[in-house]
Every structure is written in structure tokens, then in C-alpha cells.
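Next come the chains, spelled out residue by residue.
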Amino acid sequence: GKKAKAFKAYKESCMWLCKAQNGLKGASKFKVTFLPPDARRRDTDNMLAATKGLFDALSAVTGVDDSKFEWTCSRGAPVAHGQVTVEVLG
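Residues numbered from 1 in each chain as written. Predicted model: local features only at pLDDT ≥ 70, side-chain atom pairs only at ≥ 80, totals over all residues. Heavy atoms only, no water.

## Considerations on unusual backbone geometry
Most peptide bonds take the trans form, and the phi angle of most residues other than glycine is negative. Backbone geometry at His81 places phi at a positive 70°, although glycine is not the residue there. For His81, the position within the fold is in the loop between strand S2 (70–75) and strand S3 (83–88). (Helix = DSSP H or I, 4+ residues; strand = E, 2+ residues; numbered from the N terminus.)

## Details of the state of the cysteines
One pass over the structure, following the stated rule, counts zero disulfides. There is no disulfide at Cys14, and the cysteine sulfur nearest it, in Cys18, is 6.3 Å away. When its relative accessible area of 8% is taken as the criterion, Cys14 is described as buried. Residue Cys73 stays outside any disulfide, its sulfur separated by 16 Å from that of Cys14, the closest cysteine. (Disulfide = S-S within 2.5 Å. Buried < 20%, exposed > 50% of the residue type's maximum accessible area, 1.4 Å probe, protein only.)

## What to know about the confidence of the model for the protein chain
When the pLDDT values of the protein chain are averaged, the result is 91; 100% of them are 70 or greater. Ranking the helices and strands of the protein chain by mean pLDDT puts strand S1 (residues 29–35) first, with 95, and helix H1 (residues 2–19) last, with 86. (pLDDT = per-residue confidence, 0-100.)

## Notes on the layout of surface pockets
Of the pockets and cavities examined, the largest pocket occupies roughly 290 Å³. Forming the walls of the largest pocket are 13 residues, and the residues nearest its centre are Leu17, Cys18, Leu54, Val84 and Val86. When residues of the lining of the largest pocket are traced back to their parent elements, those giving at least two are H1, helix H3 (52–62) and S3. The biggest single contributor to the lining of the largest pocket is S3, with five residues. Among the residues forming the lining of the largest pocket, the class breakdown is ten nonpolar, three polar and no charged. Estimates place the volume of the second largest pocket at around 170 Å³. Around the second largest pocket, the lining residues are Phe34, Leu35, Pro36, Pro37, Arg42, Met47, His81, Gly82, Gln83 and Val84. Breaking the lining of the second largest pocket down by element, the ones donating at least two residues are S1 and S3. Residues that form the lining of the second largest pocket fall into these classes: six nonpolar, three polar and one charged. (1 Å grid on protein atoms, 1.4 Å probe; cavity = no way out; pocket = protein on both sides within 12 Å on 5 of 7 lines; lining within 4 Å. Points joined across faces, edges and corners; volume = space filled by probe spheres on them. Nonpolar A, V, L, I, M, F, W, Y, C, P; charged D, E, K, R; others polar.)

What follows is the structure in C-alpha cells.
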């Protein structure tokens, strides 16, 4: 219950942030950068799993099935509270 509500809220937040960016229709190439909240080690597979709502939101906003996305991911330096950034490449 709690996890489902948190996922829905995260996906909805991502959707609103994506909608605020004009010109995303048809975009399918992205660069995702993970900026952790601290310097502790993080598993890449867990970071990717945590972005499912983000990719679902990108799919809804772009109109492109997320199975068609091309993306790269990298890790950045820690920032307060952590952050995931997405750069649209095309």
C-alpha cells in the first residue's frame, strides 16, 4: 500500500516535470545522471529500478513506448537530498 502510493506520487511528479518541458513529443534518446544524497556506495541495478516511474512518465509525455528508448546513465557527485537528472538527446 505505502510503496504503491509513493510510486504513484513519484510518477505523477515526474509527469508534471516532464510536461513543463516543451518539445518532448517523440523524444526517445536520454542521458540519465544519478546524483546520490551522500558518498555511500549504491548498486546500479537499484538506481535503475528506482527510475521506473520516471521512464513511465517520459513514455506518457513523449508518446513513445519506453521499450523504444535509447539511454545512457552515469553517476555524478553527491548533492543534498539526491537527484536524478535527464537530458533529452533526441
